[in-house]
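Structural description and commentary
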Amino acid sequence: MERISPLVTLFFLVTLDNSPLAANTPINILFLNEERNVIGDEAFKVALDYVKKNSNLGVEIGEIITAVGNTTDAQAFLTSVCSVYDAAIKADKRPHVVLDFTMSGVPSETAKSVTAALALPTVSTSFGQEGDLRQWRSLEEAEKSYLIQIMPPADIIPEIIRSIVIFQNITNAGILFDDSIVMDHKYKSLLQNIPTRHMIVKADLKEGKEQLQRLRERDIFNYFIVGRISTINKVLDSAEENGLFERQFAWHGITSDSKDISCNCGNATVFFARPKPDEQYTEQYVTLRDEYNLKNTPEITAAFYFDVALKTLLATKEMMQGTDYRQKYVTCEDYKESDHSTSDADLLTALKQVSHPESYGNFTIKSNGQSLMAFQMEVKTVNILNSIPTKFVDVASWNASLTNPLDVTDARNMVKHSAVTVYRIVTVVQKPFVMYDGVDGKNKTKFKGYCIDLIDEIRNITKFDYEIYETPDKQFGNMDENGKWNGMIKELMLKNADIGLGSLSVMAERENVVDFTVPYYDLVGITILMKKPKTATSLFKFLTVLENDVWLCILAAYFFTSFLMWVFDRWSPYSYQNNREKYKDDEEKREFNLKECLWFCMTSLTPQGGGEAPKNLSGRLVAATWWLFGFIIIASYTANLAAFLTVSRLDTPVESLDDLAKQYKIQYAPLNNSASMTYFQRMSDIETTFYNIWKDMSLNDSLSDVERAKLAVWDYPVSDKYTKIWQAMKEAKFPSTLDEAVDRVLQSKSSSEGFAYVGDATDIRYLVLTSCDLQMVGEEFSRKPYAIAVQQGSPLKDQFNNAILQLLNKRKLEKLKEKWWNQNPEKKKNCEKQDDQTDGISIQNIGGVFIVIFVGIGLACITLAFEYWWYKYKKAPQVADAANVVVQSRQVPTTGGGKMEAGITMQGFRPRNPAYPGHNFRRNVAPMAGVTNPW
């Protein structure tokens, strides 16, 4: 409402009475009030009675002009005010002051419009801070001295909410009030410039349970109830019905009443704030209550209105000690806006100079929207058990003001009973991001993993708690043909959860319904999981280079050559054993008996060589032939061994998705209803759509021959790669779970026949990390980042963004990767390496060589034992007369080339194998004639 509109066409008569007011002139009062302010009306009457009974105050009451309005009809109230005012002017009972006890809305603005237009000295107790009274919003400097507003306690008390929110760092708040509090002007100012998401609503005392449910659905955890104590009790009763007294909720009851809380609560803790009477004013208030019947409640409100009325009368008395400022009064009928002038009254100064003691608190008189009655509020924690308040603990106090902070005396209890910000987190188990970790004391499933550590790090920065649960369908979230979602995305959309945590890919369709934070993990795509190929190993693999027939032929050649060399050396007249005298001066004397021949042929195949060759030419030809044979065999064996081991590494049947698509022995498919399945389905649909578009264009009869020729190609210009892949996947059937997919892979006959799983690269990478039988094949494709999802429009997005960026700068995310990948306790550390991952031959393939060594050493040990036994336990040799030695059954060649017949006695024959030297026995035999004693 503006100042009195010219349309009213009110004309005012200006009186020119310039005589000063007498010292004891009765004070005429224009009292404006509204129907609901009963306390103000009663307090004004008590103030009049108080003045009349205390003549020492020097105040004489004259005419009381009263107008009462309602909250809806501005015109009726304006008519009422002008009617009584004009009647007073005409009766020469002009009001000295206007006492405006209207609270807000229509009555308040009507009263402000009249008093400002008629320049009437006014003291108003309407609700509103600086600039909130529209009709007094743009006052001139002269008008500010006689149009005075003093805010009532009920207008100051809600300001404690701001102090509590700042101290407890509250991020969300639900503020409920009743009709004893005016909050219209608080919506914009109460929590201004504070990052707190809040709702201010009038308490619904009939449907309180439903109202609290709606607030809870909007993620409100901190509740402030401002109003009468009865309102607080009813709202707390509704909270008990909804089960809202858990750890994540905080309740604050703020009232101007002096009574205690009494609700039907089973077990609740409530912050309770109420005015605390100052002892220096208690005596004055008791006197007013007992002697003047000031018994309205709340006491602070009744005392305020009384003090305002009394101070206004005392200030008016002082203001009247001069020129009569009422000379400029005009009636409503004669008022013209063009003739408007200000009053000469200085009511502001007079109010500041009043020194009469207050009945509740000291007044601070400043400008409009800054003037108030100072008082103190106490803040307690009230423990309610079975509807009975059992414990009151003082935790803070607050000096009423628009800016004063909370004076906390027990910070521990303030923090202990504050609402813990608890968010509901929905997740999907996927190793190593989220894994089961048993159950807690409340039989709730616990989780661990990369994402759990991540949310704990974020919690340390943004200060909140959480409850985590697994989505019922164990899906991340996909949209069906009807546009409906499942999984984590559905839980967020239904507001069943505040945060979606897990290896959740950022996708365009998901961003349309939820919000994503900045990515916390690298780009992750789709790849292939297959069974790891196992190359057949053998300790004697070096023997498989040649076929068995070849080995047998080599062995036969060895024995035949050894035997042939012995025969040639035995019968050749030029061999060593047949020409001992000729070679007696040689340093090496080697007799090629059968044993030596076998040894010579064996060692000739080694780099060490066979040693001294035979003396006879025929034997040397045999040896040379064997050397040539051995060189060729060894060279061929070495070359074929290298080629054999190399060829075994070249068996790589599948290296990419294209390789899978080109073969038919390996089936492949992603998980059913997974993001990977959606990717292939959509790629197939895109190919089909593009093909239909091309077909419709090429068959369009309206095209010219040139245009149709441009579209005529041997094959349609859209590849059918994904169409064929999608068809193959449907034929292979989609696994329902990851475990099922892994089982199908492990049951494959080999890496080139069976089943391959196409899915999320992180799943596959972890499976390979924890299993020695699986491998990841090919490069990743369709790569997307991982991020945390929140409800659309949620303030958590910005908070989590800041936290993730801080963790990224501190390299905390890299440490988490190191912990859950490289240092994961489930990681297999002793897996057999594939041949293509090493540059050498494995022990499984070359171990037979070592067995050969051990076998050779074992045979040598056995031979040594036999030699020792033979030497120690063989019979002593029989000594015979050499003269009587008879050659048995063979002819012995003579030096002359002849032969000696068997049975002929040899003179001077010496045995070819004399007794070994060192025998411990003696031969006492007389030497034979003509025979040299060999001993």
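A brief report on the enclosed structure follows. (Residues numbered from 1 in each chain as written. Predicted model: local features only at pLDDT ≥ 70, side-chain atom pairs only at ≥ 80, totals over all residues. Heavy atoms only, no water.)

**A short note on the overall build of the chain**
- When helices and strands are counted, the chain shows 26 helices and 28 strands.
- Among the 935 residues that make up the chain, the fraction classed as buried is 45%.
- Long-range contacts, defined as pairs at least 24 residues apart, comprise 73% of the intrachain contacts of the chain with a sequence gap of at least 6.
- Summed over its atoms, the accessible surface of the chain is roughly 49,800 Å², and 53% of this surface lies on carbon and sulfur atoms. (Helix = DSSP H or I, 4+ residues; strand = E, 2+ residues; numbered from the N terminus. Buried < 20%, exposed > 50% of the residue type's maximum accessible area, 1.4 Å probe, protein only. Contact = heavy atoms within 4.5 Å. Areas by Shrake-Rupley, 256 points an atom, 1.4 Å probe, with all protein chains shown as cover.)

**Side note on the state of the cysteines**
- Scanning the entire structure with this criterion turns up one disulfide.
- A sulfur-sulfur distance of 2.1 Å marks the disulfide that ties C263 to C265. Between C263 and C265 the disulfide shows an S-S torsion of about -130 degrees. By sign, it is left-handed. An identical accessibility class is assigned to C263 and C265; each is buried. (Disulfide = S-S within 2.5 Å.)

**Re the side chain of N222**
- By secondary structure assignment, the location of N222 is in strand 8 (residues 222-226).
- On the accessibility criterion, N222 (4% relative accessible area) is buried.
- Within the local environment of N222, its side chain forms a polar contact with the backbone oxygen of N172, the two atoms lying 3.0 Å apart. (Polar contact = N/O pair within 3.5 Å; in protein donor to acceptor, adjacent residues only side chain to side chain.)

**Thoughts on the sheet that holds strand 3 (residues 97-100)**
- Ordered in space as 2-1-3-4-5, the five strands form an open sheet in which the pairing is parallel. Strand pairing shows two members of the sheet lacking a second neighbour, strand 2 (61-69) and strand 5 (147-149), which therefore form its edges. Across this sheet, the average inter-strand angle for adjacent strands is 15 degrees, counted without regard to direction.
- Looking at chain direction, strand 1 (residues 27-34) and strand 2 are connected through seven bridges and run parallel. Bridged to L32 within strand 2 is A67.
- This element, helix 1 (residues 38-53), spans strand 1, strand 2 and strand 3 of the sheet and lies at about 165 degrees to strand 1.
- The strands touched by helix 9 (residues 299-319) are strand 1, strand 2, strand 3 and strand 4 (122-124); relative to strand 3, the strand with the most contacts, the crossing angle is about 170 degrees. (Pairing = 2+ DSSP bridges. Axes fitted to C-alpha atoms, helices over the stretch in contact; angles between N-to-C directions.)

**Some points on the sheet that holds strand 21 (residues 514-516)**
- In spatial order, the strands read 19-16-20-26-21; together these five strands make up an open sheet with mixed pairing. The open sheet has two edge strands, strand 19 (465-470) and strand 21, and neither has a second partner. This sheet shows a mean twist of 30 degrees between the axes of neighbouring strands, independent of strand direction.
- Pairing geometry for strand 20 (residues 499-501) and strand 26 (residues 789-791), over two bridges, is antiparallel. Residue pairing across strands places G500 opposite A789, the latter belonging to strand 26.
- Packing of helix 12 (residues 450-462) onto the sheet brings it into contact with strand 16 (422-427), strand 19 and strand 20, and relative to strand 19 it is tilted by some 160 degrees.

**Thoughts on a nonpolar patch on the surface**
- A contiguous nonpolar patch, built from I686, F690, I693 and M697 and spanning about 370 Å² of accessible area, is present on the exposed surface.
- Looking at the element boundaries, I693 is found in helix 19 (residues 675-698).
- Overall, I693 belongs to the partly exposed group, its relative accessible area being 42%. (Patch = residues over 30% accessible without salt bridge, like charges linked within 9 Å, V, L, I, M, F, W, Y side chains within 5 Å. Salt bridge = Lys/Arg side-chain N within 4 Å of Asp/Glu carboxyl O.)

**Topic: the packing of aromatic side chains**
- What the rule picks out here adds up to 36 aromatic pairs.
- The interplanar angle of 35 degrees and the centroid separation of 5.6 Å between the aromatic rings of F221 and F249 together place this pair among those described as tilted. Of this pair, F221 sits in the loop between helix 6 (208-217) and strand 8 while F249 is found in the loop between helix 7 (229-242) and strand 9 (250-254), placing the two residues 28 residues apart along the sequence. Per residue, the accessibility class of F221 equals that of F249, and both read buried.
- When the centroid spacing of 5.5 Å and the interplanar angle of 70 degrees are considered together, the rings of F433 and Y450 count as edge-to-face. Of this pair, F433 sits in the loop between strand 16 and strand 17 (435-439) while Y450 sits in helix 12; the two residues are 17 residues apart in sequence, bridging distant segments of the chain.
- Assessed through its relative accessible area of 0%, Y450 is described here as buried.
- Here the aromatic cluster, defined as three or more aromatic residues joined through ring pairs, consists of F433, Y450, Y520, Y521, Y766, Y786 and W821.
- For K112, the ring lying beneath its charged end belongs to W136, and the centroid distance is 5.5 Å. (Phe/Tyr/Trp six-rings, centres within 6.5 Å; stacked < 30°, edge-to-face > 60°. Lys NZ or Arg CZ within 6 Å of the ring centre and 35° of its normal.)

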